[in-house]
Amino acid sequence: MAQDKSGFSLSRAAGYLAAAVAFALFAALFALAGAVLTTGAVLFDLAWVPSLGIGLSFMLDPLALIFAALITGIGGLIFLYATGYMGDHPQFGRFVLFLFLFMLSMLGLVLARDLITLFVFWELTSLTSYLLIGFSHDDPKARRNALQAMLVTAGGGLALLAGFILIGFAAGSYDLAVILQGGGLQTSPLYGAILTLVLLGAFTKSAQIPFHFWLPNAMAAPTPVSAYLHSATMVKAGVYLLARLHPALSGTGAWEITLTLAGGATALFASVMAIRQRDLKQALAWTTLMALGVLVLFLAQGTGVALTAALTFLIVHALYKAALFMVVGAVDHGTGSRDVTALRGLRRAMPLTAVSALLAAVSMAGLPPFLGWIGKELLYAGVTPWLVLPLLAANALIFAVAGVVALRPFWGAPPGPLPREPHEAGWQMLAGPVVLGVAGLVFGLMPGLLQPLLDAAVMGFGAAPAAELHLWAGVNLPLALSFATFGLGGLLFLAAPRLLARGTDLSFADRCWDRLLAGLASFATCLTRVIQSGRLSRYLTLSFLTAGLVTLVTLAAKRPLLAVDFTAPLPLWVIAGFMLGGAALALTPHSRIANIAGIGTVGIGVALIFLIFGAPDVAVTQLMVECLSAVLFGIALLRLPGITERRSPRRRALHWGIAGIVGLSVTLILLAITAHPPDRQLATYFEENSFSLAHGLNIVNVILVDFRAFDTFGELTVVLLAGIGAWALLKRRIGRARG
Amino acid sequence: MRSPILATGARLLLPLFLGFALYILLRGHNAPGGGFIAGLIAALGFAIVIFADGPEAARRMLRIDPRSLGGIGLVCALIAGGGAALSGGAPFQGIWLDLPVLPLSTVLLFDIGVFLAVIGGVLALIFALEDSGKAGG
């Protein structure tokens, strides 16, 4: 498909451009690698919220370098691949944008040095992956699964934010460099809460049991997205976080037990599920889960061997998983099918795809001389003794799945009828699998290339030095276990066709999720029915009752000093008398114009009081506002029909009661406020500096336009938006009346 | 119920209101007044025209949609605030051109912005109420 659409298009050009940028970033990382390995970390700082100690700061240390290199390198190949895979999609430009934003978010996440910065990028990856998973937005399933992925990961993200803030309290800084060198948080009284919250975030992102269900569902995404999200990025973010915070949080019983249980259960469960899938993509998705489980399992420990094993396996997995997803996508693209049972003998039509599939699958199966072999040997060397058997089982299952995914479709008799005549993919789609497959071989033959980076990264954990990567480590237990793996895996491969799952129905966790969402929705409906009745009188009743009662309860609890002082000059008494009369007039049930006049009288009384106490600006403003209110009330209220009492006596009594409560609470607040002498500090400052700093004698106006100009600007926006908002609301009414 | 006397009076009053509003606006920095009060006064002038002569007459005299007027005001205030930030000060810091007779400053521009935004916001609301009243009966 790719080769016959050679015509130039802008969105394809965007795909190539994005690939070029990703490769350029990769090259830049490569150029910085020397500095990282010699100095430990390259830093970059920008003050963001200095008052809270939050900075937009970044750090490139060996651990971040591993992840960043995978993100940009594989990212570049993915962009190339996507251009071949779906370059003629009408919305391919949008796709490239989403994928590029995702890559940058991911890069920001692994490079962030400030926890809050890290969190922002963490949520950005959730958001952009939502857009990517739901890219086929006309498919309701894609929309649902995208939403599920976002709710699970962003929900975990909220827990993570709380955890980060607690870390900030416990360590006294959000700066990772400070936190990691501060000797750990294991003894902090907040440790339990921090660990729980951080693990919630990491486990949701990295799809550990019981949050694993979103990841296989995320397969609704176009294949390039799956290849990227599942190999080097999204799901690795949780692993990255665990690795990043390992020095600060690990080493306790809680850390070891939780990570071991979650990781072990996920790895075993996922590898069993993987071999039962008919859909090649689903099978790969479950092996991703298995890999994540293994990574979490090994991060539970703190020995140099275990950490080396985790990081090596991370690289192994990223290389082969991206390649295999791209292969599966190419098969899907070339034949129109991803069904394990239908595909066979494709090597004749797709020879290059078959070769790259073989390269990747051999690494996945852990055969020598590939990097996968070294990774598996390290896993066996580093595993806790009582977990040897589960790990053996998981590895054997993955061995079998590698055969199912990468051998079955390409070998054997020619295929039966398929939706499309099988054909080889274009060069853009072949570049990724070939490069990554060859990389797995090259690193396997020359593990020394990775050694310095792994050494530095493991040293960063503060653990024992890294284990050495050897293709041949001598005759030892891992070697024996490897052979056991191959034997068991071979048997499972032969038995695989009989293990296929019957249906493709939702898993138990997935059904629970749906029930949870449905419950939430019906709870919201109930709440809405009670509170949001749509009747103005109900809203007013609830608002005023709440405001009045909350105030009264607070006052009763705090018991503030109340100033009751009736001494006032005569003019004030006269004004107060007028205001009382106005208030009474506002309550008369006979005439709306009398009500408006009453309210106006009260307002003008207030303006006069301002004037008497020497605040002419406020008084004039109050007067103007009163006039305008009268105008607005007049326009609105005088169009209403005459007042007729329709409330029942009980309802009237209720309204009188609410009015009494609100009136009482406001009165008490005023008495409490006037009991204290006003704080003159600000007033003195403005009096002293109004003319010298702002060249103005009218302090009120100087405050408005100079000292507090930004606030005024906000208020202006509100005034204007209120006007426009009212216009928009009423406009609908006008339109309806005319139409 | 249109009264020709009131309508004519309102048309004569409007320039007075506007002139007074400008006066209040310009004296605001040293004596009671300022953009906010001035904006309310000007809006009141138009409100009288609306009452006496109907919203159409008021619209003709305003010549510009009140929402646009408010927007222009907001932009003025933003320029005043951003200009200070661009010239090295804090955002919304007052910058004075030290001329001998005319005390020009970004603060004045800001106050003019306040003036226009208040007129725009209030009149948008009044016009909308008037229109909906006419349409809804």
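Residues numbered from 1 in each chain as written. Chains lettered and ligands numbered in written order. Predicted model: local features only at pLDDT ≥ 70, side-chain atom pairs only at ≥ 80, totals over all residues. Heavy atoms only, no water.

(A) Geometry of the interface of chain A and chain B. Tallying the contact residues gives 39 residues for chain A and 46 residues for chain B. Taking both partners together, chain A and chain B bury about 3,900 Å²; carbon and sulfur atoms supply 77% of that area. There are 5 residue pairs in polar contact (both at pLDDT 80 or more) connecting chain A and chain B. Only helix 24 (616–637), helix 27 (699–707) and helix 28 (709–738) of chain A provide two or more residues apiece to the side of chain A that touches chain B. A total of 16 residues in the side of chain A that touches chain B trace back to one element, the largest contributor, which is helix 28 of chain A. When grouped by side-chain class, the residues that make up the side of chain A that touches chain B number 27 nonpolar, 8 polar and 4 charged. (Contact = heavy atoms within 4.5 Å. Buried area = accessible area lost by both parts, 1.4 Å probe. Polar contact = N/O pair within 3.5 Å; in protein donor to acceptor, adjacent residues only side chain to side chain. Helix = DSSP H or I, 4+ residues; strand = E, 2+ residues; numbered from the N terminus. Nonpolar A, V, L, I, M, F, W, Y, C, P; charged D, E, K, R; others polar.)

(B) Representation of the nonpolar core within the structure. Residues A:Trp214, A:Leu249 and A:Phe298 are the most contacted members of the largest nonpolar core, which totals 191 residues. Per-element tally for this core: the top contributor is helix 13 (residues 304–335) of chain A, with 21 residues. Those residues within four positions of A:Phe298 in sequence are excluded, and the remaining contacts are A:Ala306, A:Ala309, A:Ala310, A:Leu379, A:Gly382, A:Val383 and A:Leu391. Formed by 50 residues, the second largest nonpolar core is a distinct cluster that contains A:Ala709, B:Ala58, B:Leu69 and B:Leu129. (Core = buried A, V, L, I, M, F, W, Y, C linked by side-chain atoms within 4.5 Å. Buried < 20%, exposed > 50% of the residue type's maximum accessible area, 1.4 Å probe, protein only.)

(C) Region of interest: the confidence of the model for chain B. Per-residue pLDDT for chain B has a mean of 84; in total, 89% of the residues score no lower than 70. Among the scores for the predicted complex, ipTM is 0.89 and pTM is 0.73. (pLDDT = per-residue confidence, 0-100.)

(D) Examining a positive patch on the surface more closely. Residues A:Arg535, A:Arg538, A:Arg650 and A:Arg651 make up a contiguous surface patch of positive charge. Mapped onto the fold, A:Arg535 is located in the loop between helix 20 (508–531) and helix 21 (536–558). (Patch = residues over 30% accessible without salt bridge, like charges linked within 9 Å, V, L, I, M, F, W, Y side chains within 5 Å. Areas by Shrake-Rupley, 256 points an atom, 1.4 Å probe, with all protein chains shown as cover. Salt bridge = Lys/Arg side-chain N within 4 Å of Asp/Glu carboxyl O. Lys, Arg positive; Asp, Glu negative; His and termini not counted. Charge placed at Lys NZ, Arg CZ, Asp CG, Glu CD.)

(E) The environment of A:Thr551, seen in detail. Residues and elements named next belong to chain A. Along the chain, Thr551 falls in helix 21. Considering only alpha carbons, one finds Thr551 and Ile669, 118 residues apart in sequence, at a separation of 8.3 Å. Thr551 has contacts with Ser665 and Ile669, leaving out every residue within four places of it along the chain.

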